[in-house]
Amino acid sequence: VQLQASGGGLVQPGDSLRLSCTISGRTFSSLDVGWFRQAPQKEREFVAAVRWTDRSTAFSDAARGRFTISRDNARNTTYLQMNSLKPEDTAIYYCAARNRGTLSSIRDNTRYTYWGQGTLVTVSS
């Protein structure tokens, strides 16, 4: 299974970005997909995820209300729409996938088997 994340870049505070994660190598529709991020000198943290079974979603407190996550099974792609970006959103964003699981464990990065290479998001004026 290969995950390809894209869409990062340099933006100003208040701007928007949409990240994409395209999965190949197995049936996309049977996978839960999550986004995580890692800022310099910090631990990797959960951002958002969407389940395969019912498309239910989960967000971190930092992301809730500003970010949305969606999936297009026909394109094997998950999107993370990020609005009202702040300097503290600066990080490398990783998409990850796992076999379908519980919503209660969807924030746990140790539950994800497959990882992409990351895309850098920089929010700065």
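Residue positions within a chain follow its written sequence, with the count starting from 1. Note on the predicted model: pLDDT of at least 70 is required for a residue's local features to be given, and 80 or more for side-chain atom pairs to be given and counted; whole-chain, interface and lining totals, by contrast, use all residues. Each side-chain value is worked out from all heavy atoms of the structure, with water and hydrogens disregarded.

Criterion for a disulfide: a pair of cysteine sulfur atoms within 2.5 Å. Per the stated rule, a full pass over the model turns up one disulfide. With a sulfur-sulfur separation of 2.2 Å, cysteine 21 is cross-linked through a disulfide to cysteine 95. Taking the sign of the torsion about the S-S bond as the criterion, the disulfide between cysteine 21 and cysteine 95, at about 70 degrees, is right-handed. With cysteine 21 in strand β3 (residues 17-24) and cysteine 95 in strand β9 (residues 91-99), the pair connects residues that are 74 residues apart, well separated along the chain. Numbering of helices and strands starts at the N terminus; helices are DSSP runs of H or I of at least 4 residues and strands are runs of E of at least 2.

Each pair of strands is called paired provided DSSP finds at least two bridges between the two strands. Where strand β1 (residues 2-6) and β3 come together, five bridges link them in antiparallel fashion. Opposite glutamine 2, over in β3, you have serine 24 as the bridge partner. Bridge count for β3 against strand β8 (residues 77-82) is six bridges, and the pairing is antiparallel. Among the inter-strand pairings, leucine 17 is bridged to a residue of β8, identified as methionine 82.

Bringing the pattern of salt bridges into the picture now. Any carboxyl oxygen of Asp or Glu within 4 Å of a side-chain nitrogen of Lys or Arg constitutes a salt bridge here. According to the stated counting rule, one finds seven salt bridges in the structure shown. When the shortest N-O distance is used, the salt bridge between aspartate 32 and arginine 98 registers 3.0 Å. Taken together, the residues span a long stretch of sequence, with aspartate 32 in strand β4 (residues 31-38) and arginine 98 in strand β9 at a distance of 66 residues. In terms of burial, aspartate 32 and arginine 98 fall into one category: buried. In this structure, arginine 111 and aspartate 108 form a salt bridge, with 3.6 Å as the shortest nitrogen-oxygen distance. Here the term buried applies to any residue with accessible area under 20% of the maximum for its type, exposed to any over 50%, and partly exposed to those in between, with areas from a 1.4 Å probe on protein chains only. Since its relative accessible area comes to 47%, arginine 111 is described here as partly exposed. Given a relative accessible area of 29%, aspartate 108 falls into the partly exposed group. Residues joined in a network through salt bridges with shared partners are Arg37, Glu45, Arg66 and Asp89.

Strand order across the open sheet formed by four strands is β1-β3-β8-β7, with antiparallel pairing between neighbours. The open sheet is flanked by β1 and β7 (67-72), the only strands paired with a single partner. Between one strand axis and the next, the sheet turns by 15 degrees as a mean value, whatever way the strands run. Only the stretch in contact is used when fitting a helix axis, every axis being a line fitted to C-alpha atoms; angles between N-to-C directions are given from 0 to 180 degrees.

All we've got here are geometric facts, nothing functional implied.
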